[in-house]
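# Architecture at a glance
Chain by chain, the residues:
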Amino acid sequence: MQFKILLFFGLLIYIFSDSFVSIFLSDNDTYSVEIQKEILINQKEIDVFEEKSLEDINVTQKKIKAWLIIISYQEESKKSIISKLNNTGYSIKHNAKQMYYSLGPFVNLSHAKEESKKLKNIHGIKNKIVDFVF
């Protein structure tokens, strides 16, 4: 039993001997020097949230691009195109001067192409995709 206790204390001393030696041989001044290191602050990094007046801000681009599907028609096909588009749930806009209906605007070109393919394949309506900037 006594051998187990001595073995236990010997093992503890062996494990923690390196930390005991470093504590007793080192000066306490090194710890205080490490604690009191100078902290440098870059003033430019702090000024990230500086407020500026609106006159100083320049807007370089005010354009947004969107796409429309244009469906041209003749007087004979006008009623059939309107009925097909209304039955499928499309919201159409009519331009009577240039004789076309428009669907959209679509923000994504791939979405406009997908709808254009549906109109051609399912309903047989010829159309074209036009982009505009506003």
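Residues numbered from 1 in each chain as written. Predicted model: local features only at pLDDT ≥ 70, side-chain atom pairs only at ≥ 80, totals over all residues. Heavy atoms only, no water.

This next bit is on the sheet that holds strand 4 (residues 128–133). Here 4 strands make up an open sheet; going across it, the order is 2-3-1-4 and the pairing antiparallel. Edge positions in the sheet fall to strand 2 (92–95) and strand 4, since each has one partner strand and no second. Within this sheet the neighbouring strands show an average axis-to-axis angle of 35°, counted without direction. Bridge count between strand 2 and strand 3 (residues 100–106): 4 bridges; the pairing is antiparallel. Note that in strand 3 the partner of Lys93 across the bridge is Ser102. Running at roughly 25° to strand 3, helix 4 (residues 78–88) makes contact with strand 1 (65–72), strand 2 and strand 3 of the sheet. Helix 5 (residues 109–123) contacts strand 1, strand 3 and strand 4 of the sheet and is inclined by roughly 15° relative to strand 1. (Pairing = 2+ DSSP bridges. Helix = DSSP H or I, 4+ residues; strand = E, 2+ residues; numbered from the N terminus. Axes fitted to C-alpha atoms, helices over the stretch in contact; angles between N-to-C directions. Contact = heavy atoms within 4.5 Å.)

What follows is about the nonpolar core. Counting 13 residues, the largest nonpolar core has Ile69, Ile71, Ile81, Leu85, Leu103 and Leu119 as its most contacted members. When contributions to this core are tallied by element, the ones reaching two or more residues are strand 1, helix 4, strand 3 and helix 5. The contact partners of Leu119, leaving out residues within four places of it in the chain, are Ile69, Ile71, Leu85, Tyr90, Leu103, Gly124, Ile125 and Asn127. (Core = buried A, V, L, I, M, F, W, Y, C linked by side-chain atoms within 4.5 Å. Buried < 20%, exposed > 50% of the residue type's maximum accessible area, 1.4 Å probe, protein only.)

Another point: helix 5. Each α-helix winds once per 3.6 residues, and so residues spaced three or four apart point in a common direction. Between its first and last C-alpha, helix 5 extends 21 Å over 15 residues, near the 21 Å set by a 1.5 Å rise per residue. Of the residues making up helix 5, those classed as buried are Ala112, Glu115, Ser116 and Leu119. Angular distribution of buried residues about the axis of helix 5 spans 100°; they occupy a single face of the element. The exposed set on the far side of helix 5, more than 90 degrees from its buried face, consists of Lys117, Asn121 and Ile122. Considering only its buried residues, helix 5 is in contact with strand 1, helix 4, strand 3 and strand 4. (Expected span 1.5 Å × (residues − 1). Arc of directions from axis to C-beta.)

The next subject is a nonpolar patch on the surface. On the surface, Met1, Ile5, Phe8, Phe9, Leu11, Leu12, Tyr14, Ile15, Phe16, Phe20, Ile23 and Phe24 cluster together to form a nonpolar patch covering roughly 1,400 Å² of accessible area. Leu12 gets classed as partly exposed once you look at its relative accessible area, which sits at 31%. (Patch = residues over 30% accessible without salt bridge, like charges linked within 9 Å, V, L, I, M, F, W, Y side chains within 5 Å. Areas by Shrake-Rupley, 256 points an atom, 1.4 Å probe, with all protein chains shown as cover. Salt bridge = Lys/Arg side-chain N within 4 Å of Asp/Glu carboxyl O.)

Most of strand 3 is tucked away, with 5 of its 7 residues classed as buried. In this structure, strand 1 lies alongside strand 3, joined through 5 bridges in antiparallel fashion. Counted as the bridge partner of Ile71 is Tyr101 from strand 3. Linking strand 2 to strand 3, which pair antiparallel, is a turn of 4 residues; within it Met99 sits at a positive phi near 60°.

This next bit is on helix 1 (residues 2–25). Spanning 24 residues, helix 1 covers 32 Å between terminal C-alpha atoms, matching the ideal 34 Å at 1.5 Å per step. The sharpest bend along helix 1 measures roughly 55° and falls at Phe16. Counted residue by residue, helix 1 has 0 buried out of 24 residues, so it is predominantly exposed. (Bend = angle between axes of the 7 residues up to and from the residue.)

Moving on, we get to the pattern of salt bridges. Taken as a whole and judged by the stated rule, the model has 3 salt bridges. For the salt bridge of Glu114 with Lys118, the shortest nitrogen-to-oxygen distance reads 3.9 Å. One end of the pair, Glu114, and the other, Lys118, are both in helix 5, 4 residues apart, so they sit about a helical turn from each other. Since its relative accessible area comes to 34%, Lys118 is described here as partly exposed. In this structure, Lys118 and Glu115 form a salt bridge, with 3.6 Å as the shortest nitrogen-oxygen distance. Taken together, the residues Lys118 and Glu115, both in helix 5 and 3 residues apart, mark about one turn of the helix. On the accessibility criterion, Glu115 (10% relative accessible area) is buried. When salt bridges with common partners are traced through the structure, they connect Glu114, Glu115 and Lys118 into a single cluster.

Don't take any of this as a statement about function, it's just geometry.
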